[in-house]
Amino acid sequence: MAFENPSREEIKNILEQVGNIAVVGLSDKSDRTSYMVSYAMQKRGYRIIPVNPAAAGQTILGETCYASLAEVPEPVELVNVFRRSEYCAEVAREAAAIGAKVLWLQQGIISQEAADIAQEHGMTVIMDRCIKVEDSVTQAVRKG
């Protein structure tokens, strides 16, 4: 069966209820999409936890960056992924291991293997969608 993202209503509910968002592949460079999207989400009130082995121990967006999801010392509900598709299955395994509820692959990223792994562990999966765009759409729906 072909993968299908949750409905806009389901995505809205996820974004309204989510606590911590771990961003795998969050760059410390402000001109990168991962940084810009995470910055915007942080400004909207979401807690962003950077995960990037190349920047581990540094501070990104005022938060300590961790080398892996397993090193994040607090619960993570949503894992937002800015990594190429071939790395997403491993991220899905890590997300399952920490008990994340949602695996979100950013716009342009699709991995059926990652989706299968996440769904086998009871996670909701969203692929090829920008979390910032989806949040903006749900904000507009709530206001309008």
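Report on the accompanying structure. Every value quoted in this text rests on a predicted model; they were computed, and no experiment measured them.

**Considerations on the nonpolar core**
L69, V79 and L103 are the most contacted members of the largest nonpolar core, which has 27 residues in total. Every element with two or more residues in this core is listed here: β1 (20-24), β2 (47-51), β5 (78-81), α3 (88-97), β6 (102-105) and α4 (112-120). At six residues, α3 tops the list of elements feeding residues into this core. The contact partners of V79, leaving out residues within four places of it in the chain, are A22, V24, L69, V91, A95, A100, V102, L103 and W104. By size, the runner-up hydrophobic cluster in this structure holds 23 residues, among which are I14, A55, W104 and C130.

**What about helix α1 (residues 8-17)?**
Along α1, the residues that are buried comprise I11, K12, I14 and L15. Viewed end-on, α1 has its buried residues packed into an arc of 160°, placing them on one side of the element.

**Regarding the pattern of salt bridges**
Applying the stated rule across the entire model yields eleven salt bridges. In this structure, the salt-bridge partner of R44 is D135, at a minimum N-O distance of 2.6 Å. Taken together, the positions of R44 in the loop between α2 (33-43) and β2 and D135 in helix α5 (residues 131-143) put the pair 91 residues apart, joining distant regions of the chain. What emerges from the salt-bridge pattern is a single network uniting R8, R129 and E134.

Calculation rules
Residues numbered from 1 in each chain as written. Predicted model: local features only at pLDDT ≥ 70, side-chain atom pairs only at ≥ 80, totals over all residues. Heavy atoms only, no water. Core = buried A, V, L, I, M, F, W, Y, C linked by side-chain atoms within 4.5 Å. Buried < 20%, exposed > 50% of the residue type's maximum accessible area, 1.4 Å probe, protein only. Helix = DSSP H or I, 4+ residues; strand = E, 2+ residues; numbered from the N terminus. Contact = heavy atoms within 4.5 Å. Arc of directions from axis to C-beta. Salt bridge = Lys/Arg side-chain N within 4 Å of Asp/Glu carboxyl O.

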